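Examination of the molecular architecture
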Amino acid sequence: MPRCHPETREEILENIWSWSTQNDPRIPILWLWGPAGAGKSAIAQTFCQRLSDEGRLGASFFFKRGHPSRGNARKLITTIAYQLARLFPDVEHLVSRIISEDPSIVEQSLATQLEALIFKPCRAKMNKEELAVIVIDGLDECESNEVQKELLDSIGGSFHGQVVALRVLIASRPEPHIRETFEAPTFKQICWSLNIEQALADVRRYLCDNTASITSTETMGNVSTPWPTPDDIKKLVEKSSGYFIYAATIIKFIDDKDFRPTDRLAEVMHWQNTPSDHDSPFQALDQLYTQIFCCVPTRLRPRLVDILCTFVHFGSLSVANIETLLELRPGDVALTLRRVQSLLSVPSDTAQQIIAYHASLTDFLGDAARSGEFCVSNTRCRMNLGCSVLKALSCESTHNQHSGLQVARCVKPAKAS
């Protein structure tokens, strides 16, 4: 499991540590959230290591989509209970007694298991000054939205009206159902929401440190310095949008021992529309994007591609303009993009524009070799968009004249590919 690069994410880690050490039972839950690839798992892992060093890591569980044991919540509560029991012998004795008296407890609901195996023993046996921390990472990678919400409701319910020497950090993407749960009035009273913001300076340090270590290899002996050039670093940092997934993907590609780093960097700087059988520098990034877009139901994907095509080619359009241009009903854009809000910021105010968290997303969507069925640069997409623009222009002489002109004035012809 990756950790934060040295001397990066220091401020956010200190904020989390400060929360975990405050002996204030009113805010026992921290929701650490951010888009895909923002570095949530690295922060959670680094935090876990510090907790472990201080003897305060009660338990940790890192969800991973599709994994036989980490892809669902069936073993979550028992795993956490086991780890807490190892740290606190008194808790272990009580948990063992509870299970021996009712072995079926491990098959019951999450709420029942959580109360019987974690909160009840900890309330009874833990010193109120000990403040052990439970870390749950990647909640959005758990098996289903319903289970994710059930788990959150169970954790929130266990803290209400109860004092227990536990803190719970939950890290996830800001998926709509997760956000709605955390923003509910009952949760807001006991939870601190912390957004992982862009970290351009940290990404620059990560790129500079890792490329510097690459220059010590044998194949770099005759390479003129500085390498990469300051301009190369600047372009890579800008392209990353401050998210580590892009930088980590680039470093992994450049540092392939079967190739010269200088050649690999040149490919990264000039790579586009490379044949599909070529070794892509963005393979890991593409898999992430594809995985997220595949969460959209199949029946909505044609509309998704039309919306993405409009967004890529006419980025100045508001949500309302896109719905008018594509002849969609109000709310259709938000409904279609509901499952991909870890990549796109969709405003509740339809007069505002959609924003991509990652600058690299438009490159992905524009290249059929990378995005496949989600590509927005093929002939079908362009023809559909062109027809929509012509319809909007024709509204000038109809009862829809005003809205048609609003859209027509906003759109600009896409550049020829």
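Values in this document were obtained by computation on a predicted structure and should not be read as measured data. (Residues numbered from 1 in each chain as written. Predicted model: local features only at pLDDT ≥ 70, side-chain atom pairs only at ≥ 80, totals over all residues. Heavy atoms only, no water.)

Right, let's talk about the UniProt feature "domain: Nephrocystin 3-like N-terminal" (unreviewed entry) in the chain for a bit. The feature "domain: Nephrocystin 3-like N-terminal" (unreviewed entry), as annotated in UniProt, sits at residues 8-173 in this numbering. As annotated, residues 8-173 has a helix share of 49% and a strand share of 14%, and its two end C-alpha atoms lie 21 Å apart. (UniProt positions renumbered as here; feature names shortened; annotations may be inferred. Helix = DSSP H or I, 4+ residues; strand = E, 2+ residues; numbered from the N terminus.)

As a further point, take the sheet that holds strand β3 (residues 132-137). In space, the 5 strands of this open sheet follow the order β2-β3-β4-β1-β5, with parallel pairing throughout. Looking at which strands have only one partner, the edges of the open sheet turn out to be β2 (57-62) and β5 (191-195). Geometrically, the sheet is characterised by an average inter-axis angle of 15° between neighbouring strands, direction not taken into account. Sheet analysis places strand β1 (residues 29-33) next to β5, joined by 5 bridges and oriented parallel. Paired with L30 across the two strands is W192, which belongs to β5. Together, β1, β3 and β4 (166-172) form the strand contacts of helix α6 (residues 145-159), whose direction differs from that of β4 by roughly 155°. (Pairing = 2+ DSSP bridges. Axes fitted to C-alpha atoms, helices over the stretch in contact; angles between N-to-C directions. Contact = heavy atoms within 4.5 Å.)

As a further point, take the packing of aromatic side chains. Inspection of the entire model under this criterion finds 10 aromatic pairs. Aromatic side chains F119 and F159 sit 4.9 Å apart centroid to centroid with 90° between the ring planes, which places their arrangement in the edge-to-face category. With a gap of 40 residues between them, F119 in helix α5 (residues 110-125) and F159 in helix α6 connect regions that are remote in the sequence. Residue F119 shares its accessibility class with F159, and that shared class is buried. The cationic tip of R179 hangs over the ring face of W33; the distance from NZ or CZ to the ring centre is 4.7 Å. (Phe/Tyr/Trp six-rings, centres within 6.5 Å; stacked < 30°, edge-to-face > 60°. Buried < 20%, exposed > 50% of the residue type's maximum accessible area, 1.4 Å probe, protein only. Lys NZ or Arg CZ within 6 Å of the ring centre and 35° of its normal.)

Another point: empty space enclosed by the protein. Picture a little ball the size of a water molecule; that probe, rolled over the atoms, points out where space is still empty. Throughout the structure, instances matching the rule amount to 1 cavity of 30 Å³ or more. Listing elements by their share of the lining of the largest cavity, those giving two or more residues are α3 (76-87), α5, β3 and α6. Here the lining of the largest cavity takes 3 residues from α5, the largest share from any one element. Taken together, the residues of the lining of the largest cavity sort by class into 10 nonpolar, no polar and no charged. (1 Å grid on protein atoms, 1.4 Å probe; cavity = no way out; pocket = protein on both sides within 12 Å on 5 of 7 lines; lining within 4 Å. Points joined across faces, edges and corners; volume = space filled by probe spheres on them. Nonpolar A, V, L, I, M, F, W, Y, C, P; charged D, E, K, R; others polar.)

A word on the packing of helix α9 (residues 200-214) against helix α11 (residues 244-254). Contact geometry for α9 and α11: axes closest at 10 Å, N-to-C directions at 10°. The angle between the axes of α9 and α11 places the two elements in the roughly parallel class. Contacts from D202, V203, Y206, L207, N210, T211 and I214 in α9 reach F244, A247, A248, I251 and I254 in α11. Taken together, the residues that form the contact of α9 with α11 break down as 9 nonpolar, 2 polar and 1 charged. (Parallel < 35°, antiparallel > 145°, perpendicular 65-115°, else oblique.)

The next subject is the pairing of β1. Along β1, 5 of the 5 residues are buried, which leaves the element largely enclosed by surrounding structure. Across the two faces of β1 the burial is the same, with I29, W31 and W33 and L30 and L32 all buried. Sheet topology note: the β1/β4 ladder contains 5 bridges and is parallel. The residue of β4 that forms the bridge with W31 is I170.

Between W227 and P228 the backbone carries a cis peptide bond, its omega angle lying at -10°. Relative to the helices and strands, P228 is located in the loop between α9 and α10 (230-240). Even without being glycine, R9 reaches a positive phi, approximately 55°. Here R9 shows up in the segment before α1 (10-21). Positioned with a positive phi, E327 is a non-glycine residue whose angle comes to about 55°. Residue placement: E327 occurs in the loop between α15 (319-325) and α16 (332-336).

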